[in-house]
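Each chain, written out:
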Amino acid sequence: MGGDRTGREPTVLAFSPAGRVLVLLGPAAAGVLVAVLAPAIARRLVDVGFPVLGVVWRVIASVDTWWKVAVQAAILAVLGALASVEIMRRSTRVTVGVGEVRLETGDRVLSFLRPQIDFVYMDGGFLVILDRDSRHLFHGEPQAESGPLGKTFTEYGYPWRDEDPFTDLYQPWVPGTGLLPVAVEAVLSARAVALRKKAPREATELRDSLEKLGYAVRDDGDRQSWRPLVRS
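Residues numbered from 1 in each chain as written. Predicted model: local features only at pLDDT ≥ 70, side-chain atom pairs only at ≥ 80, totals over all residues. Heavy atoms only, no water.

Trainee: Mind laying out unusual backbone geometry, listing which residues take part and the relevant values?
Mentor: Within the chain, Ser-134 stands out as a residue other than glycine whose phi angle is a positive 60°. With respect to the helices and strands, Ser-134 occurs in the loop between β6 (126–130) and β7 (136–142). By relative accessible area, Ser-134 is classed as buried at 1%. The backbone of Lys-198 sits at a positive phi, close to 55°, despite the residue not being glycine. Counting through the fold element by element, Lys-198 comes out in the loop between α5 (182–196) and α6 (200–212). (Helix = DSSP H or I, 4+ residues; strand = E, 2+ residues; numbered from the N terminus. Buried < 20%, exposed > 50% of the residue type's maximum accessible area, 1.4 Å probe, protein only.)

Below, the structure written as structure tokens:
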């Protein structure tokens, strides 16, 4: 991404070098550590007669030779590596310029001009960017922490908020109350299923469908709250 017409270069917000190493190697290393330490800990718990999950401890304690430990370590290391790939795939590299914000998530790249953006804030671990109709331009997991994100967006003149500016408008979704149109109820019902199934892509698509119907949604675990869209 090139420099802005003002002469100020964009700022890239991504994993720090240490953070990138932790993401790439940490899960696999943790898997190997668990494989090595868990059998010894389990044998101690079985020996002292620890009653809770006794069968589980005995199964783990049965990993009692070097080759069994090696096989277990290899399996957990592979699972850790897959977790690292998933973290890298779903996390977003954010580039903030005076006139444009660029968001790179895996192979997907989104760019938004400054006039399109009305609010920017963190919702839990997610970066949220709203347009002037309070619809989601972006909702994803940034590689940078909230502090650097807030500081950078503010320095570049973007409307950063410490929380969702429309918090007071949300109502918990309770099926069948008659407060919402039938089509909106149907989408929220389908989205509730997607949240229970841990299907984020489907949940995001259904969020977009709700916004086309004039409503926004926010999640608290697998519970949903809704509000009407508000034009600034």
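Trainee: Lay out a nonpolar patch on the surface with the relevant residues and their values.
Mentor: Together, Trp-66, Trp-67, Val-71, Ile-75, Val-78, Leu-79 and Leu-82 line one region of the surface with nonpolar side chains, adding up to about 800 Å² of accessible area. Assignment of secondary structure puts Val-71 in helix α3 (residues 66–90). What makes Val-71 partly exposed here is its relative accessible area of 44%. (Patch = residues over 30% accessible without salt bridge, like charges linked within 9 Å, V, L, I, M, F, W, Y side chains within 5 Å. Areas by Shrake-Rupley, 256 points an atom, 1.4 Å probe, with all protein chains shown as cover. Salt bridge = Lys/Arg side-chain N within 4 Å of Asp/Glu carboxyl O.)

Trainee: I'd like a rundown of the nonpolar core, residues and numbers included.
Mentor: Grouped together as the largest cluster of nonpolar side chains are 19 residues, with contacts concentrated most on Val-94, Val-101, Leu-103, Leu-127, Leu-149 and Phe-153. Mapped onto this core, the elements with two or more residues apiece are β2 (91–96), β3 (100–105), β4 (108–113), β5 (119–123), β6 and α4 (146–155). Filtering out sequence-adjacent residues up to four positions away, Leu-103 remains in contact with Thr-92, Arg-93, Val-94, Arg-108, Val-109, Leu-110, Phe-112, Leu-127, Ile-129 and Phe-138. Judged by nonpolar contacts, the second largest core, of 15 residues, contains Leu-180, Ala-194, Tyr-215 and Val-217. (Core = buried A, V, L, I, M, F, W, Y, C linked by side-chain atoms within 4.5 Å. Contact = heavy atoms within 4.5 Å.)

Trainee: Let's hear about the pairing of β4: which residues, and what values?
Mentor: Pairing between β3 and β4: 6 bridges, direction antiparallel. Paired with Leu-103 across the strands is Leu-110, a residue of β4. Where β3 folds back on β4, the antiparallel hairpin that results is connected by 2 residues, among which Gly-106 adopts a positive phi of roughly 60°. (Pairing = 2+ DSSP bridges.)

Trainee: So what about the pattern of salt bridges? Which residues, and what values?
Mentor: By the definition in use, this model includes 14 salt bridges. The residue Asp-118 makes a salt bridge to Arg-132 at a minimum N-O spacing of 3.0 Å. In this pair, Asp-118 sits in the loop between β4 and β5 while Arg-132 sits in the loop between β6 and β7, placing the two residues 14 residues apart along the sequence. Residue Arg-132 is classed as partly exposed on the basis of its relative accessible area, which comes to 37%. Here Arg-231 ties to Asp-133 by a salt bridge, and the two come within 2.5 Å at their closest N and O atoms. Taken as a pair, Arg-231 in the segment after β10 (223–228) and Asp-133 in the loop between β6 and β7 lie far apart in primary sequence, 98 residues in all. Residues joined by salt bridges that share partners form a network here, namely Asp-131, Asp-133, Arg-135 and Arg-231.

Trainee: Quick rundown of the pairing of β5? Include the residues and the values.
Mentor: Judged by how many residues are buried, β5 sits mostly within the fold: 4 of 5 residues are covered. Here β5 pairs with β6 via 5 bridges, running antiparallel. Pairing of Met-122 across the sheet is with Leu-127, part of β6.

Don't take any of this as a statement about function, it's just geometry.
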